Amino acid sequence: MSKPDRPANARRREFIQLLNSTDQYWMDVLGDKLFHDLNYYDLFTQMWLRLDGTTRDTFYKSELHQLMPNISQRTAIKYIQIAIDHGLLIEHMDPEDLRSRQITMSAGLKKKIELFLDYSISVFEVFPLPVSRRRNS
């Protein structure tokens, strides 16, 4: 039996601790354990990625399920409605089609996602690649 690689295992443990810290910050910044779900992470971060200060900041409610690829459309709609009910997403009537609903991120959610991203960047900046791996990149 070979002995475990202690430096590599120590680094792996540190990485798990950093992931756990980032995960906890996600819950802290959103303020509700309800949103401690990778599907909300997918939805909110994918919406944030598409923000550019134009009409692309507005999504059709019927298309948002595509940003949550690991659940069914029906389940995604339930998640989206919960986020609307909690004020994270804002639902508007489509002025061109009163049957359609448009969704935007609340200003508060945008700020929370940016706080989370900034925190995550700072956490992982202190965890650089080992010297041997940086040379091979």
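The rules behind each value
Residues numbered from 1 in each chain as written. Predicted model: local features only at pLDDT ≥ 70, side-chain atom pairs only at ≥ 80, totals over all residues. Heavy atoms only, no water. Phe/Tyr/Trp six-rings, centres within 6.5 Å; stacked < 30°, edge-to-face > 60°. Buried < 20%, exposed > 50% of the residue type's maximum accessible area, 1.4 Å probe, protein only. Helix = DSSP H or I, 4+ residues; strand = E, 2+ residues; numbered from the N terminus. Pairing = 2+ DSSP bridges. Salt bridge = Lys/Arg side-chain N within 4 Å of Asp/Glu carboxyl O. Contact = heavy atoms within 4.5 Å. Axes fitted to C-alpha atoms, helices over the stretch in contact; angles between N-to-C directions. Patch = residues over 30% accessible without salt bridge, like charges linked within 9 Å, V, L, I, M, F, W, Y side chains within 5 Å. Areas by Shrake-Rupley, 256 points an atom, 1.4 Å probe, with all protein chains shown as cover.

**Student:** Would you explain the packing of aromatic side chains in this entry?
**Tutor:** Centre distance and the angle of the planes are the two values used to describe a pair of aromatic rings. Enumeration over the complete set of coordinates arrives at 10 aromatic pairs. Ring geometry for F35 and Y40: centres 4.7 Å apart, planes at 75 degrees, overall edge-to-face. Residue classification places Y40 among the buried positions, given a relative accessible area of 2%. Measuring from ring centre to ring centre gives 5.5 Å for Y40 and F44, while their planes differ by 35 degrees; the resulting arrangement is tilted. Separated by four residues within a single helix, Y40 and F44 lie in helix 2 (residues 38-50), roughly one turn from each other. Taken together, the ring pairs in this structure connect W26, F35, Y40, Y41, F44, Y79 and F116 into an aromatic cluster.

**Student:** What am I meant to see in the pairing of strand 2 (residues 89-94) here?
**Tutor:** Pairing between strand 2 and strand 3 (residues 97-105): six bridges, direction antiparallel. Along strand 3, the bridge assignment pairs H92 with Q102.

**Student:** Looking at this model, I keep getting lost on the pattern of salt bridges. Mind explaining?
**Tutor:** If charged atoms from side chains of opposite charge come close, those side chains can pair. Going through the model one piece at a time under the given rule, you end up with two salt bridges. Two residues, E91 and R101, come together in a salt bridge whose shortest N-O distance is 3.9 Å. Residue E91 is located in strand 2, and its partner R101 is located in strand 3; the two are separated by 10 residues in the primary sequence. Residue E91 is classed as partly exposed on the basis of its relative accessible area of 30%. Taking relative accessible area as the criterion, R101 reaches 31% and is therefore assigned partly exposed. Connected through shared salt-bridge partners, K61, E91 and R101 make up one network.

**Student:** What's the story with the sheet that holds strand 1 (residues 59-60) in this structure? I'm lost.
**Tutor:** The sheet built from three strands is open, its strands ordered 1-3-2 with antiparallel pairing. The sheet terminates laterally at strand 1 and strand 2, the two strands that pair on one side only. Docked against the sheet, helix 2 engages strand 1, strand 2 and strand 3, running at close to 95 degrees with respect to strand 3.

**Student:** Explain a nonpolar patch on the surface to me, please; I cannot follow it from the model alone.
**Tutor:** A cluster of nonpolar side chains, F15, I16 and L19, forms an exposed patch at the surface whose accessible area comes to about 250 Å². Position of L19 among the secondary structure elements: in helix 1 (residues 6-30). Among the residues examined, L19 registers a relative accessible area of 39% and is labelled partly exposed.

**Student:** Even after reading the chapter, I still don't get the side chain of N39, so can you show me in this structure?
**Tutor:** Mapped onto the elements of the fold, N39 is located in helix 2. Residue N39 is classed as buried on the basis of its relative accessible area of 11%. The contact partners of N39, leaving out residues within four places of it in the chain, are M68, N70, I71 and Y79.

**Student:** How should the environment of T58 be read in this particular structure?
**Tutor:** Along the chain, T58 falls in the loop between helix 2 and strand 1. Under the relative-accessibility criterion, T58 is labelled partly exposed at 27%. Residues T58 and M105 lie 47 residues apart in sequence; the distance between their C-alpha atoms is 8.1 Å. Among all residues touching T58, those that are not within four sequence positions of it are E63, Q102, I103 and T104.

Without other data, these values stay purely geometric and don't point to any function.
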